[in-house]
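Geometric and topological summary
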Amino acid sequence: MADTPGDDRTLRGDATPLPDSHHVNVADAEAHFNDLQRVLSIRSLQGASEPTDRSSTERDPEKGEAREEGFDLRAYLSSSNDAQERAGIAHKHVGVTWENLQVEGFGGAGHKLYVRTFGQDALTFWFTPFRMLYSALQSAVPKLRPELPLTTILHPSSGLLKPGEMCLVLGCPGSGCTTFLKTIANERKDYARILGDVRYAGIDAHEMAKRYKGEVVYNEEDDRHIATLTVAQTVNFALSLKTPGPKGRIPGMTRKEFDEAIRDMLLQMLNITHTANTYVGDEFVRGVSGGERKRVSIAEMMATRAHVLCFDNSTRGLDASTALDFIKALRVMTDILGQTTFATLYQAGEGIYELFDKVLVLDKGRQVYFGPPSEARAYFEDLGYKPLPRQSTPDYLTGCTDPNERQFAPGRSERDVPSTAEALEQTFLQSRFGATMRESLVKYKQKMELDKSDQETFRQAVIAEKKRGVSKKSPYTLGFTGQVRALVIRQFQMRLQDRFQLITSFTLSTALALIIGAAYYNLQLTSQGAFTRGSVVFAGLLTCALDTFGEMPIQMLGRPILKKQTNYALYRPAAIAIANTLSDVPFSAVRILIYNLIIYFMSNLARSAGGFFTFHLFIYLGFLTMQGFFRTFGIMCTNFDSAFRLATFFIPNMIQYGGYMIPVFQMKRWLFWIYYINPLSYAWVGCMENEFMRISFTCDGSFVVPRNPPGINKYPDGLGPNQVCTLFGAEPGNNIVSGRNYVNFGYGLNVSDLWRRNFLVLLGFFFLFQLTQVLLIEYFPQYDGGSAITIYAKEDAETKKLNAVLQERKASRKGKSEADESEKAEYSEKTEETTPTKFNGKPFTWENVNYHVPVPGGVRRLLHDVYGYVKPGTMTALMGASGAGKTTCLDVLAQRKNIGIVSGTLLLDGKPLALDFARNTAYAEQMDVHEGSATVREAMRFSAYLRQPPSVSKEEKDKYVEDMIEVLELQDLADALIFSLGVEARKRLTIGVELASRPSLLFLDEPTSGLDGQSAWNLVRFLRKLADNGQAILCTIHQPSSMLIQTFDKLLLLERGGETVYFGDIGPDCHILRDYFSRHGAHCPSNVNPAEFMLDAIGAGLAPRIGDRDWKDHWLDSTEYSDVLAEIEKIKHTTSDDGEQQKLTLYATPFLHQLRWVVARNTAKLWRSPDYVFSRLFVHAFISLFVSLSFLQLGHGTRDLQYRVFGIFWSTILPAIVMGQLEPMWILSRRVFIREASSRIYSPYVFAIGQLIGEMPYSVLCAVVYWVLMVYPMGFGDGTAGVGGTFFQLLVLIFVEFFGVSLGQFIGAVSPSMQIAPLFNPFVILVLGTFCGVTVPFPTLQSYWKWLYQLSPYTRIMSAMLSTELHGLQITCKSDEFIPFNPPSGQTCQQWANEFVTGFGGYLDNPNDTTACRYCQYSVGDQFFLPLNIRYENRWRDVWILFAFGVFNFIATIVASRFLRYAKR
């Protein structure tokens, strides 16, 4: 029954248009409808309904844009439905039954999970082998497995929902609504155990998951999309994978026509047609609004054409009228298409509630009502629960399950009313509704057993929709190749549209190539060019291959979207792995080609087409292989830190055992096998063989022994008969060295292996890593998320005592509440009186406020002449349609805007806003941004310590925080970590953190967003309590219930364009507000929520506004407007006198006080982030250990000398490790700082210094571990410097860590996002590493690069460490390291080579022999480093220059933190 238009209708139906000014253009909508009607008519479609008439109200120039009375969705769907029936397309009617459904999660009752710390991780690491052994034993012997404690989330419940019915699921937070929906939608992986029987048209859950997965779908609360795709592309993608085959479409309709018709109708119905070519966007990419993004999620889900739909709070972020329009559309869809719809909605109004067929009420996971919505209120009233006036039924039903909020009818109490979840459940089961439910369930199940027509029709319809060639048992509509094709197109669009990433990657890649090419510019075919050719090939390959390291986090970031779309059965997970590779090829192929062209021809490698394209092939194949390698880890690991840890296990080995640093025949025998399983070695060897098979060298210069020192002319200038060439592969008496011989003797390479071994093995690795990706993502997917678990910090003595006091006070309140009503009321009054401290609120006025922002082509006005005021002891609501400027107005009033032009007069207590305004006022923003690793108590204390003046003692601040925790009802979560809190608790914490400052004025932006009706009521009730104690409150709010709106004293109502519609009192039962609207022709019926009515009246929803005049004009002509102006003048002239003028400061506390608490918080954060800190320590230890194993206990030969240099050079990789990990952490911390800085809690200098101080203890620890595992295994300290020299190396390593941390923080500070920061790392590290005098020795460095040599901090690292280690180190050549030559006849070795040895150093092993002289190149380590421009006496100078680089980075970071925040609002 998957009617195409149906789907399309589904999408549309889902969507309630946002209150934009362009809801639906009448003419366009009618034309579109007629077009569709014609298409259907051509396909023998009879009886299509006529388009709906236009609103009877005529257009009026004053009314602005005309509105459509409403697209007739029912008529459209009916006509398309008839067309499908005539075409013989089967319908999919799927009734859902659940019997004794019980869901259990991990964690027993009272079971607390505590946060892991660095100390615990460091300790347990040593027991890893034993833990692994024990796990293996448990797998083999099931009896050894521990019984995991489980908790029941959903107690046994039963019910049924027939095709064409809608069920509303209600309950307080934590009652199991989301769990119920996910279980019905067959998403079971997040739970420990699911018992009971769930059937879909008689098909059990297992078969449904295996063969019909995409027919039952769940729309989650969070909107997860690819930010750089447009809305149309997002919907097109889903449609392209779900378009039915020819048997599932109306005859004659092509796939393209079908997709376009459905897409256009979905966008039109959801009123997001105007966003079709807009990016979906996210926190980092600007795109559609939050409400529009929610509708994109709905459209995407509707495109799946599923017939059991579960919506989890899908009206979040929509205003009341838009939410109602969406549910109305859902109702029409369900009726005509016979869908089965479940929904849980927060703050559902009466109009929404009445559209449902069934309502299910849950209390602590127990089913306490299931039946008709119309009888639910009466049922609970009969039980003895009292309804409140104008309380919507959903709020009333939810309230009956909340012990804090429910009220009993007169004369009733907990003693004679079922008030526990268990009692309510038993009462329901014994009621007539329980009996009816059981009876209906039995009858329906029997009907499904006997009459399988629905089931068979459903199976046939699903088969008919499949494309030709797709297995009947497959849950997918499209075959695997079709899925890959659709994904390739999507991934290609995504990459193409991510312009910044594209431009940055090409720019940096080209820059890297230019640096490498310039460093090795124009290599000559001489001895000097031989070794450097190997270097340029290795540098080019390594830079290119390790650039793919960034694939790991990308794989992880895409997981939530992958999980959602595979649950929709759009595609197999394996398809995305293949599509990623294919879609990336066009971009990477061009990028690597440009990269290779620059390096190859700048460095003057063998000039031939064959040479270049073979080089390019090996480099590119190496790139693709490493890309597959890192993607495999990204798919396999649960988080970035574990992937980082695992990757560093391989990377050092791949570099060390690539064949360049250590030739294969010189590798330790127990480690040389790494070379043969290393893809990089095959790529490097292939490039080397390709290059050297084409060239020969002239032996000259320093490679001739013996040769003339300066001022001596004893030896021939060329290669004489008594001289030898020290180049690998040289033949006596021949000054031409074949490249083939060079690589054969020097590296053990055979050029004939180029194609038969190296290419084939590399190709094999490429396919291997494609296969590992496919297998891992298909059979071992790692998805984030799962059931929400609260994580706690361990109690210490102080918090234990404080928690005990909080629990005692909570228990005493609960005890009182069990008394009768009069006692309860008396106690309530008493607690109101003891509510913490009276607030020192001040009146705040604003006049003539205008706000303009720059837009392409000029400026746009968002607020226009807004007037108003807030007095202490009052609550003012700020309302309006989506896009009316509510948050903008609040931002302007709270002085949070940093772009655009604000004009008007803002006065606090009758005086212009002073320097301390931001810190004396509190702004609870809509986005709950906090330091996630802090506990609730710590976050509130941090705010109190830094925002209350120093004159208030610490004890007073602590006591105030405890009072706030109690008032906010966060007693049970005082030690919970913020990142693990639910939406409601986090929202309350946001308010608590602001209240901790004891502000004179409190701003809140949509504090009830994302909360259910009951939580919203609790929150507003709490705000009311604050106002009654003298607080002045201004708060934006959407979807308020009629009870909620009455809690406020005043209302500021805005319409689109930032125009004021009303400002004034609301009154009991909103009578003042209703009177104002009725005076102008808008009469609010007694059974309608005034908050929803007034939005409809001003034209915020789909309905046209009431009246023929703009409501802003009514306001400007009203007496209320004049009264507001008069009241503002009165407030200005009756303000208090502060007496003595106090000195104003930007921050409440001094610099050192700020620094103390910021450092304390950072220290706690890092201690509770073991993955981050321990990963860094592990990587340092591992790299140092593995490098040391390769160079274990080095001797005093010339080769050992070279290995000491390599061993020291590895320490320059440490900054790269630190930077890669630290930058994301810095940027996340900056998000919190930006929010806190706007309240002037602490200065940007404190933030930057605090971040550095927090990192330093771990940096020192990492340096010590690296040093211990480097110095002693390699046998350092044999030179003149001795043991003291090794401790000097430790100082250098500590400074290296400091440099790495400060550089990483600086790059983080100048980067706008986490995606951008890592792009700088390869560039910076390559420049520093290339020009430090090791890979390109200082004497051979091009003269125009020598300034970079001096500027590179790595130069100082190498100078200080090399000179300390090699100074005075006695060199003794091993037998195979001597250079043999024969002196002329009649001369001894000493006589022939004396001048040479004196001039160039080294020694003769047999000076008195007359044949086979043995020359050793060095006699002491100094002879190695002196030609490299390194001096032992400069080592202290070098180490302090390195420290100065770190200090420079640190100062630059502080400056960047002050001026670059990337927070435009």
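Structure shown above.
Quick caveat, the model's predicted, so the values are computed rather than measured. (Residues numbered from 1 in each chain as written. Predicted model: local features only at pLDDT ≥ 70, side-chain atom pairs only at ≥ 80, totals over all residues. Heavy atoms only, no water.)

Moving on, we come to the packing of helix H23 (residues 573-602) against helix H24 (residues 609-636). The interhelical angle for the contact between H23 and H24, taken along N-to-C directions, is 135°, at an axis separation of 9 Å. The angle between the axes of H23 and H24 places the two elements in the oblique class. Here H23 and H24 pass one another in a crossing that is right-handed. Partitioning the contact of H23 with H24 into residue classes produces 13 nonpolar, 7 polar and 3 charged. (Axes fitted to C-alpha atoms, helices over the stretch in contact; angles between N-to-C directions. Helix = DSSP H or I, 4+ residues; strand = E, 2+ residues; numbered from the N terminus. Parallel < 35°, antiparallel > 145°, perpendicular 65-115°, else oblique. Left-handed = near helix turned anticlockwise from the far one by under 90°. Nonpolar A, V, L, I, M, F, W, Y, C, P; charged D, E, K, R; others polar.)

On to the packing of aromatic side chains. For any pair of aromatic rings, the description consists of the separation of the ring centres together with the inter-plane angle of the planes. Taken as a whole and judged by the stated rule, the model has 86 aromatic pairs. Residues Phe 1288 and Trp 1436 carry aromatic rings whose centres are separated by 4.8 Å and whose planes lie at 75° to one another, so their mutual orientation is edge-to-face. Of this pair, Phe 1288 sits in helix H48 (residues 1282-1310) while Trp 1436 sits in helix H54 (residues 1435-1459), placing them 148 residues apart in sequence. On the basis of relative accessibility, which here comes to 41%, the residue Trp 1436 falls in the partly exposed class. Aromatic rings pair up to connect Phe 118, Phe 125, Trp 126, Trp 1167, Phe 1174, Phe 1178, Phe 1182, Phe 1186 and Tyr 1258 into one cluster. Over the face of the ring belonging to Tyr 960 we find Arg 998, whose NZ or CZ atom lies 4.2 Å from the ring centre. Positioned over the ring face of Phe 1378 is Arg 1414, at 6.0 Å from the centre of the ring. (Phe/Tyr/Trp six-rings, centres within 6.5 Å; stacked < 30°, edge-to-face > 60°. Buried < 20%, exposed > 50% of the residue type's maximum accessible area, 1.4 Å probe, protein only. Lys NZ or Arg CZ within 6 Å of the ring centre and 35° of its normal.)

Before going further, it helps to spend a moment on the sheet that holds strand S5 (residues 193-200). The sheet built from 4 strands is open, its strands ordered S3-S1-S5-S6 with antiparallel pairing. Looking along the sheet, the strands with just one partner apiece sit at the ends: strand S3 (150-161) and strand S6 (203-204). Relative to S5, strand S1 (residues 96-106) runs antiparallel, the two being bridged by 7 bridges. The partner of Glu 99 across the bridge, within S5, is Asp 197. Against the sheet, helix H6 (residues 177-184) touches S1, S3 and S5, its axis set at about 120° to S1. (Pairing = 2+ DSSP bridges. Contact = heavy atoms within 4.5 Å.)

Let us look at a positive patch on the surface. Positive charge collects at one region of the surface, where Lys 247, Lys 467, Arg 468, Lys 472 and Arg 485 lie side by side. Within the secondary structure layout, Lys 472 lies in the loop between helix H17 (453-465) and helix H18 (480-497). (Patch = residues over 30% accessible without salt bridge, like charges linked within 9 Å, V, L, I, M, F, W, Y side chains within 5 Å. Areas by Shrake-Rupley, 256 points an atom, 1.4 Å probe, with all protein chains shown as cover. Salt bridge = Lys/Arg side-chain N within 4 Å of Asp/Glu carboxyl O. Lys, Arg positive; Asp, Glu negative; His and termini not counted. Charge placed at Lys NZ, Arg CZ, Asp CG, Glu CD.)

Bringing the nonpolar core into the picture now. Membership of the largest hydrophobic core comes to 185 residues, with the highest contact counts inside it found for Trp 684, Tyr 1242 and Val 1292. Broken down by element, this core gets its largest block of residues, 14 residues, from helix H47 (residues 1244-1274). In this structure, Met 208, Phe 258, Ile 262 and Leu 383 belong to the second largest nonpolar core, which totals 111 residues. (Core = buried A, V, L, I, M, F, W, Y, C linked by side-chain atoms within 4.5 Å.)

The next point concerns the pattern of salt bridges. Pairing between side chains becomes possible if they bear opposite charge and their charged atoms approach one another. Scanning the entire structure with this criterion turns up 64 salt bridges. Here Asp 197 ties to Arg 199 by a salt bridge, and the two come within 3.0 Å at their closest N and O atoms. Note on Asp 197: relative accessible area 21%, which makes it partly exposed. For Lys 714, the salt bridge identified is with Glu 1395, shortest N-O distance 2.8 Å. Remark: Glu 1395 occurs in helix H52 (residues 1389-1400) and Lys 714 occurs in the loop between strand S13 (704-705) and strand S14 (724-725); sequence separation between them is 681 residues. For Glu 1395, a relative accessible area of 29% corresponds to the partly exposed category. Here the residues in one salt-bridge network are Arg 947, Glu 994, Arg 1161, Arg 1235 and Glu 1236, joined through shared partners.

With 13 residues, helix H10 (residues 290-302) should reach 18 Å at 1.5 Å per residue; the first-to-last C-alpha distance of 19 Å fits that figure. Most of H10 is tucked away: 12 of the 13 residues are buried. Within the sequence span of H10, burial applies to Gly 291, Glu 292, Arg 293, Lys 294, Arg 295, Val 296, Ser 297, Ile 298, Ala 299, Glu 300, Met 301 and Met 302. (Expected span 1.5 Å × (residues − 1).)

The next point concerns the sheet that holds strand S8 (residues 308-312). The 6 strands lie next to each other as S7-S8-S9-S4-S10-S11, forming an open sheet whose pairing is mixed. Each edge of the open sheet carries a strand with a single partner, namely strand S7 (216-219) and strand S11 (366-371). Direction aside, neighbouring strands of the sheet carry axes that sit 15° apart on average. Relative to strand S10 (residues 358-363), strand S4 (residues 166-170) is paired through 4 bridges, and the arrangement is parallel. Opposite Cys 167, over in S10, you have Lys 358 as the bridge partner. On the sheet, helix H13 (residues 373-383) packs against S10 and S11 and is oriented at approximately 125° with respect to S11. Strands S10 and S11 of the sheet are contacted by helix H15 (residues 421-430), whose axis makes an angle of about 35° with S11.

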